[in-house]
Amino acid sequence: MEEYAREPCPWRIIDDCGGAFSMGCIGGGLVHSILGARNAPAGYKNRLVGSFLAVKHKAPVVGGNFAVWGGLFSTFDCALVHIRKKEDPWNSITSGAMTGAVLAARNGVFAMAASATVGGVLLAMIEGIGILMTRMSAEQFRPVNPQMEDPSQLGPKPTSFGDSQYQ
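Residues numbered from 1 in each chain as written. Predicted model: local features only at pLDDT ≥ 70, side-chain atom pairs only at ≥ 80, totals over all residues. Heavy atoms only, no water.

Caption draft 1: Looking closely at unusual backbone geometry. Notably, Lys85 is not glycine yet its phi reads approximately 60°, a positive angle. Secondary-structure assignment places Lys85 in the loop between helix 2 (44-84) and helix 3 (89-103). When its relative accessible area of 63% is taken as the criterion, Lys85 is described as exposed. (Helix = DSSP H or I, 4+ residues; strand = E, 2+ residues; numbered from the N terminus. Buried < 20%, exposed > 50% of the residue type's maximum accessible area, 1.4 Å probe, protein only.)

Caption draft 2: Broad picture of the environment of Phe73. Position of Phe73 relative to the elements: it lies in helix 2. A C-alpha to C-alpha distance of 7.8 Å links Phe73 and Met98, two positions 25 residues apart in sequence. Those residues within four positions of Phe73 in sequence are excluded, and the remaining contacts are Ser92, Ser95, Gly96, Thr99 and Leu123. (Contact = heavy atoms within 4.5 Å.)

Caption draft 3: A look at helix 2. In this model helix 2 runs 57 Å from its N-terminal to its C-terminal C-alpha over 41 residues, within 8% of the 60 Å that 1.5 Å per residue would give. At Lys58, helix 2 is deflected by roughly 35°, the largest bend along its length, and proline Pro60 occurs up to four residues later in sequence. Phi turns positive, to about 60°, at Lys85, one or two residues after helix 2. (Expected span 1.5 Å × (residues − 1). Bend = angle between axes of the 7 residues up to and from the residue.)

Caption draft 4: Spatial organisation of the UniProt feature "transmembrane region" (unreviewed entry) in the chain. With numbering matched to this structure, UniProt assigns "transmembrane region" (unreviewed entry) to residues 109-132. Counting secondary structure, residues 109-132 comes out at 100% helix and 0% strand; the distance between its end C-alpha atoms is 34 Å. (UniProt positions renumbered as here; feature names shortened; annotations may be inferred.)

Caption draft 5: Representation of helix 3. In this model helix 3 runs 21 Å from its N-terminal to its C-terminal C-alpha over 15 residues, within 8% of the 21 Å that 1.5 Å per residue would give. Buried within helix 3 we find Asn91, Ser92, Ile93, Ser95, Gly96, Thr99, Gly100 and Ala101. Elements that come into contact with the buried residues of helix 3 comprise helix 2 and helix 4 (109-139).

Caption draft 6: Molecular detail of the state of the cysteines. Evaluated as defined, the whole model comprises one disulfide. The residue that forms a disulfide with Cys9 is Cys78, at a sulfur-sulfur distance of 2.4 Å. Here Cys9 and Cys78 share a disulfide; its torsion about the S-S bond, -100°, makes the bridge left-handed. Here Cys78 lies in helix 2 and Cys9 lies in helix 1 (residues 9-39), a separation of 69 residues in the sequence. (Disulfide = S-S within 2.5 Å.)

Caption draft 7: Representation of the side chain of Thr99 within the structure. Mapped onto the elements, Thr99 comes out in helix 3. On the basis of relative accessible area, Thr99 is assigned to the buried category, the value being 0%.

Caption draft 8: Region of the structure containing the packing of helix 1 against helix 2. As a packed pair, helix 1 and helix 2 sit with axes 5 Å apart at the nearest point and diverge in direction by 155°. Judged on the interaxial angle alone, helix 2 and helix 1 are roughly antiparallel. Crossing handedness for the pair helix 1 and helix 2: right-handed. Split by residue class, the contact of helix 1 with helix 2 holds 16 nonpolar, 14 polar and six charged. (Axes fitted to C-alpha atoms, helices over the stretch in contact; angles between N-to-C directions. Parallel < 35°, antiparallel > 145°, perpendicular 65-115°, else oblique. Left-handed = near helix turned anticlockwise from the far one by under 90°. Nonpolar A, V, L, I, M, F, W, Y, C, P; charged D, E, K, R; others polar.)

Caption draft 9: How the structure looks around the environment of Leu30. The residue Leu30 is located in helix 1 in this model. On a C-alpha basis, the gap between Leu30 and Val55 in space is 7.9 Å, while along the polypeptide they are 25 residues apart.

Caption draft 10: Quick peek at the pattern of salt bridges. If you walk through the whole model with that rule in mind, you get three salt bridges. Arg12 is paired through a salt bridge with Asp77; the nearest N and O atoms lie 3.9 Å apart. A residue pair is termed long-range when its members are at least 10 positions apart, and Arg12 in helix 1 and Asp77 in helix 2 qualify at 65 residues. Taken individually, Arg12 and Asp77 each receive the classification buried, so the pair is uniform in this respect. One salt-bridge network, held together by shared partners, links Arg12, Asp77 and Glu87. (Salt bridge = Lys/Arg side-chain N within 4 Å of Asp/Glu carboxyl O.)

As structure tokens, then:
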């Protein structure tokens, strides 16, 4: 079974930023196509045009917001890996908290603390679920010791031809 190998740190930031942008564009496109059709005037053609216009204007904005979050998160994660010299779930949890704090910095200290808490808790839940799934799937690949048969459970000892209990 081949593991997914991540890129080294400088390239990981660009890779995560692009992946987050793509994910945001796709998700934003789906959401805004529905919202654009719902908010358009009546008629099939009007709803279709409204849907396309909403996707055209809003999906790149959502993708950009996701890209900023992904870029900041990856930057903090790489910095923590470099500083701590190890990769573990604490790096992701701390990176999520730091990303939340930086994105809320314009709204004041209280908003930064609240957003950092939410980011840290969300990443802790994601990391916890990942660890749980890894442990559950590892159980099926654990080697099993072969069971030795207990001779007392096998029944009566076989006798050779001519041996009889009546002789």
